[in-house]
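Architecture and fold: a report
The residues making up each chain are set out below.
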Amino acid sequence: MITQLAPCIILSLYIVSLYCDNICVTYRDIFYLIDIKFYNLCMSDKIDKIIEKKLKDSTNKELYNFLFTNDGSVGLYNNDVKDIYHSIFGAKDEGWQKFIKPLNFDKVFFNKKEINVLDICYGIGYNTKALLKKIITSSYNGRVFIDALEYNKELVLLSPFIKDGYFKTYPEISQVICKSLIDSIILNKNSLSRIFINKSNQKYFEPFYNSLIKKYKYWGYSYSILRHNKAFLHNIYYHCISQRMKTTSKQRILKDVTINPHFDDARVTIQKLDKQYDIIFLDAFTPSKLPTLWSIDFFKQLYKLSSYNSLLVTYSNSAAVRHALIDAGFYVGKIFDTSGRSSGTIASKNTLLIEHPLTDFDFGLINTTAGIYYKDENLNSTAKEIIDDYNKRRQNSNLESSSKFIKNFSKNKQENNDAISC
Ligand SMILES: C[S@@+](CC[C@H](N)C(=O)[O-])C[C@H]1O[C@@H](n2cnc3c(N)ncnc32)[C@H](O)[C@@H]1O
């Protein structure tokens with residue numbers, strides 16, 4: 001019942017807020033409260049049902065399941081963490097809307113000769129792919145180095161072949177990723193074949209991979225030397241997509257893009273990297289489900305790796321995440337989607353790059369229990385250790401609760417508005 005009524009209540013409040021100037025701040029704040037608590041509760045209930053439906057036919061009870069998201073691109077569900085890897089509304093669209101659009105690429109990065117990118121939690125690569133699309137569409141012709149951090153090697157190696165919605169229009173995206181990963185693809189051909197041979201998985205991959213694998217299965221065993229295998233795979237790849245490649249202009253070929261995969265815990269990898277990055281994507285699982293990549297200590301490492309004009313982008317709106325980013329040294333702002341809803345967080349060393357800074361309300365929320373962040377001093381604690389420590393600090397905290405803060409904030413705003421209108 002509550003789930004059915006919620007959208008109506010939210011919509012009515014929002015419409016009222018648009019028409020009543022005097023009370024708009026109050027209603028918008030209430031809307032925000034609903035947004036972060038009630039709305040999310042209702043949405044997560046709805047989302048769970050959609051996921052359940054999407055996974056109904058799946059026979060794969062392994063670490064992850066494939067599913068089609070609503071924009072037709074393939075997404076994943078993790079059975080261990082019990083979390084989605086991508087928005088069910090569109091895996092491809094999410095990469096573009098939440099990670100590329102906020103970068104303001106044409107203004108901030110286009111004139112750079114070289115861009116260094118850190119894609120934390122590469123998965124099947126939607127954020128990197130969206131960036132490659134941006135590079136093509138804006139005709140950026142500098143050098144791009146992408147360090148892709150992901151501990152599930154299998155996903156990374158599957159990424160060029162996934163039905164991601166890019167292949168028809170931008171085959172060179174898959175090509176450049178394939179080229180960067182070819183050695184690992186060959187070394188891991190057995191485990192990859194296991195996935196491709198499974199009939200129920202085949203609909204999630206571009207058809208060219210099936211033909212690649214068939215030919216590989218037929219020929220593969222007679223070529224045991226790595227060099228031959230590599231040349232062989234390249235040939236088949238070009239054979240499969242060459243028709244499309246002929247239609248692409250030279251300019252659009254991503255010849256100066258290098259992708260380096262790092263198959264390890266991102267906490268380990270970032271301690272070994274010594275570059276200064278211009279763009280950082282942080283796309284870890286939901287903080288409360290897997291807090292390992294959301295701690296203040298992880299963010300301090302990211303701060304060290306950020307260039308002065310860098311931008312770090314994440315989908316999280318959490319007050320605790322924003323608080324940890326601020327305490328790690330970043331200036332922090334908000335990201336909005338096309339309908340004006342807050343859809344993530346952006347952080348930089350350079351305050352001028354923050355287009356939508358946090359509001360008084362956001363800062364207030366950060367100083368409540370909602371702003372208590374995760375700690376992982378040696379960057380090697382388990383998720384359970386991090387959560388236990390967090391719960392202990394939260395229980396012993398005498399900070400105001402977030403709901404009390406929101407109630408008072410709305411009341412004070414109302415009083416201020418009354419005073420102004422008198
Ligand atoms: C929400 S998904 C990211 C989806 C991804 N950006 C994509 O486009 O497919 C989170 C990813 O983080 C990876 N991951 C989780 N914890 C990690 C860690 N500590 N180090 C490296 N990768 C991690 C998971 O394997 C998963 O692929």
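All of these numbers come straight from a predicted model, not from anything done at the bench.

**Describing the overall build of the protein chain**
Scanning the protein chain for helices and strands turns up 16 helices and ten strands. For the protein chain, the residues scored as buried account for 38% of the 422 residues in total. For the protein chain, long-range pairs separated by at least 24 residues make up 72% of all intrachain contacts whose partners lie at least 6 apart in sequence.

**A short note on the sheet that holds strand E2 (residues 74-78)**
Overall, antiparallel pairing links the three strands, which are arranged E1-E2-E3 in an open sheet. One side of each edge strand has no neighbouring strand; the edge strands of this open sheet are strand E1 (64-68) and strand E3 (83-84). Summarising the sheet, E2 and E3 pair through two bridges and their orientation is antiparallel. Across the sheet, the residue bridging to Tyr77 is Ile84, located in E3.

**A closer look at the confidence of the model for the protein chain**
For the protein chain, mean pLDDT is 81; residues scoring 70 or higher make up 73% of the total. A low-confidence stretch, residues 219-228 stays under pLDDT 50, and its non-local contacts, those more than four residues away or across chains, total seven contacts.

**As for the sheet that holds strand E4 (residues 114-120)**
Remark on secondary structure: sheet strands pair via backbone hydrogen bonds, oriented parallel or antiparallel. One open sheet accounts for seven strands, arranged E6-E5-E4-E7-E8-E10-E9; its pairing is mixed. On the outer flanks of this sheet lie strand E6 (257-262) and strand E9 (331-336), each paired with one strand and no other. Within this sheet the neighbouring strands show an average axis-to-axis angle of 20°, counted without direction. With three bridges connecting them, strand E8 (residues 306-314) and strand E10 (residues 342-348) associate as antiparallel partners. Within E10, the position partnered with Thr314 by the bridge is Thr345.

**Observations regarding the environment of Gly72**
The residue Gly72 is located in the loop between E1 and E2 in this model. As a C-alpha pair, Gly72 and Asp93 span 21 residues in sequence and 9.8 Å in three-dimensional space.

**Some points on the site of the ligand**
Neighbouring residues of the ligand: 23 residues in total, closest Cys121, Gly123, Tyr126, Ala266 and Asp283. If you list the elements that add at least two residues to the shell around the ligand, you get helix H5 (126-137) and helix H11 (266-272). Looking at the shell around the ligand residue by residue, the classes come out as 13 nonpolar, six polar and four charged.

**Topic: the pairing of E8**
Bridge count for strand E7 (residues 277-282) against E8 is five bridges, and the pairing is parallel. By the bridge assignment for E8, Phe281 is matched with Val313.

**Observations concerning unusual backbone geometry**
Although it is not a glycine, Cys121 adopts a positive phi angle of roughly 75°. With respect to the secondary-structure elements, Cys121 resides in the loop between E4 and H5. With 20 C-beta atoms packed within 10 Å, Cys121 lands in the buried category. In this structure, Leu379 is a non-glycine residue whose phi angle is positive, near 55°. Since 18 C-beta atoms lie within 10 Å of it, Leu379 is described here as partly exposed.

What counts as what
- For every chain, the first residue of the written sequence is number 1, and numbering continues from 1 along that sequence.
- Where totals are concerned, whole chains, interfaces and linings use all residues; where local detail is concerned, this predicted model gives features only for residues with pLDDT of at least 70, and gives and counts side-chain atom pairs only at 80 or more.
- Helix and strand assignments follow DSSP, with helices taken as H or I runs no shorter than four residues and strands as E runs no shorter than two, numbered in order from the N terminus.
- Three exposure classes are used. Buried residues have 20 or more other C-beta atoms within 10 Å of their own C-beta, exposed residues have 12 or fewer, and partly exposed residues fall in between, all C-beta atoms being placed from the backbone.
- For the purpose of contact definition, each residue receives a C-beta atom placed from its backbone, and two residues are in contact when these atoms lie within 7 Å.
- Two strands qualify as a pair provided DSSP detects at least 2 bridges between them.
- On a scale of 0 to 100, pLDDT captures the predictor's confidence in every residue.
- For every element, the axis is a line fit to its C-alpha atoms; helices are fit only across the contacting stretch, and the angle between N-to-C directions ranges from 0 to 180 degrees.
- In this text, near has one meaning. A residue is near a molecule or strand if its C-beta atom, placed using the backbone, is within 6 Å of it.
- Any residue outside Ala, Val, Leu, Ile, Met, Phe, Trp, Tyr, Cys, Pro, Asp, Glu, Lys and Arg is labelled polar, Gly included; the first ten of those are nonpolar and the last four are charged.

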